[in-house]
Amino acid sequence: MSDSTLIESIRASSRQVVRELGFLNSTLAATNYSASAVHALLEIDSRENVTAADLVQILGLEKSSVSRMIGKLRKAGELFESVSDEDARARRLRLTAQGKQTVREIHRYGRMRVEKALAHLNAPAQQSVAAGLSNYAQALKACRGELTGDEGRKNFEIMTGYQPGVIGRVAEMHANYYSKHYNFGYFFEGKVAAGLAEFSGRLDRPCNRIWVVLHNGKIVGSVSIDGEDLGNHEAHLRWFILDDECRGSGIGRALLREAMRFCDEYGFSVVQLWTFSGLNAARHLYESMGFKLTREWQGEQWGSSMLEQQFTRKRPVEK
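Residues numbered from 1 in each chain as written. Predicted model: local features only at pLDDT ≥ 70, side-chain atom pairs only at ≥ 80, totals over all residues. Heavy atoms only, no water.

Concerning the overall build of the protein
Along the backbone of the protein there are 10 helices and nine strands. Relative to its 319 residues, the protein shows a buried fraction of 38%. Within the protein, residue pairs in contact and separated by at least 24 positions form 59% of the contacts whose partners lie at least 6 positions apart. About 18200 Å² of surface is accessible on the protein, with carbon and sulfur atoms providing 51% of the total. (Helix = DSSP H or I, 4+ residues; strand = E, 2+ residues; numbered from the N terminus. Buried < 20%, exposed > 50% of the residue type's maximum accessible area, 1.4 Å probe, protein only. Contact = heavy atoms within 4.5 Å. Areas by Shrake-Rupley, 256 points an atom, 1.4 Å probe, with all protein chains shown as cover.)

A word on helix H2 (residues 35-46)
When the terminal C-alpha atoms of H2 are compared, their 17 Å separation across 12 residues agrees well with the 16 Å that a helix rising 1.5 Å per residue should span. Of all the residues in H2, the buried ones are Ala-37, Val-38, Ala-40, Leu-41 and Ile-44. Taken down its axis, H2 places every buried residue within 160 degrees of arc, on the same side. (Expected span 1.5 Å × (residues − 1). Arc of directions from axis to C-beta.)

Brief notes about the nonpolar core
One finds Ile-225, Leu-237, Met-260 and Phe-291 to be the most contacted residues of the largest nonpolar core, which totals 28 residues. When residues of this core are traced back to their parent elements, those giving at least two are strand E4 (209-215), strand E5 (218-226), strand E6 (234-242), helix H9 (251-266), strand E7 (270-276) and helix H10 (280-288). It is H9 that provides the largest number of residues to this core, a total of eight residues. (Core = buried A, V, L, I, M, F, W, Y, C linked by side-chain atoms within 4.5 Å.)

Some details on unusual backbone geometry
At Asn-216, a residue that is not glycine, the phi angle is positive and equals roughly 50 degrees. Within the secondary structure, Asn-216 is located in the loop between E4 and E5. A residue is classified by how much of its surface remains accessible, and Asn-216, at 73% relative accessible area, is exposed. The phi angle at Asn-232 is positive, at roughly 55 degrees, despite the residue not being glycine. Among the secondary structure elements, Asn-232 is positioned in the loop between E5 and E6. With relative accessibility at 66%, the residue Asn-232 sits in the exposed group.

Re the side chain of Gln-310
Structurally, the position occupied by Gln-310 is in strand E9 (residues 306-314). With relative accessibility at 12%, the residue Gln-310 sits in the buried group. Polar contacts involving the side chain of Gln-310 include one to the side chain of Gln-272, which spans 3.0 Å. Residues in contact with Gln-310, not counting those within four places in the same chain, are Gln-272, Leu-273, Trp-274, Lys-292, Leu-293, Thr-294, Arg-295 and Trp-297. (Polar contact = N/O pair within 3.5 Å; in protein donor to acceptor, adjacent residues only side chain to side chain.)

With respect to the packing of H2 against helix H3 (residues 52-59)
At a minimum axis distance of 11 Å, the contact between H2 and H3 shows a crossing angle of 115 degrees. Here H2 and H3 pass one another in a crossing that is right-handed. Each of Ser-36, His-39, Ala-40, Glu-43 and Ile-44 in H2 lies in contact with H3, whose residues at this interface are Leu-55, Ile-58 and Leu-59. Here the residues of the contact of H2 with H3 are counted per class, giving five nonpolar, two polar and one charged. (Axes fitted to C-alpha atoms, helices over the stretch in contact; angles between N-to-C directions. Left-handed = near helix turned anticlockwise from the far one by under 90°. Nonpolar A, V, L, I, M, F, W, Y, C, P; charged D, E, K, R; others polar.)

Okay, here's the thing in structure tokens:
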């Protein structure tokens, strides 16, 4: 089979799967909800401490679409917001008793559809379907960022080096996000601004680097690598932040990839970062870049008592 024939065969089969599973209908899985709402309920059920920001990353939807969907599910009595067990200011999505029953019905319906379809296949074909679908799903997931890079990031530009206004703008983005979600105040904003101002005075040294994301001339994201403050030839990842307008676009992954490429080329033995528990979307991104959680403790360096965390990324071994 030629490449073009293979591609068209997969496309035709994919369209048929979409039709047969009911994704072209306004509702899915014998519920009154859209496909995105059904998927959201399943993800909330299968994960702990899911936030709206997490769903944006998991489902690959825009923030506004996720917000509207969550509002409808809350109004329908399927879910509610609760405080985190680790941080009383962090709001998490939880299923109500009604929501748990809805999810059970979704699973029952889904299993029934799969069982009926598999009954038409022999055992080897069933195993082939399971393996093939799993591999194809992972391949689609792997190229999601590539597609986002071509389309979703086309209006963003990543630049390195000091940019006028970067200190104030990065401090502002941190203050806006963390005051809204974690009730951080002036102490936190001042600490970010002071630290970034001190770091900016060292950007003439080759081990230090800052990247910013520009959208129509406005700074909407940043990340920095401080190659001096930890010593021992270790890099410190600092001030990773994205404005709301570019969350879910894939630009955050591209930004971190640039920083990690710099660290590897410069030859840092490890990269360290400090954060706190509950920032699940960021944690998933860090871990995809090779970071691992190495330490947790209760601390107050952010101005409030938090479960603080340290993540470490070792330099990849050259093959």
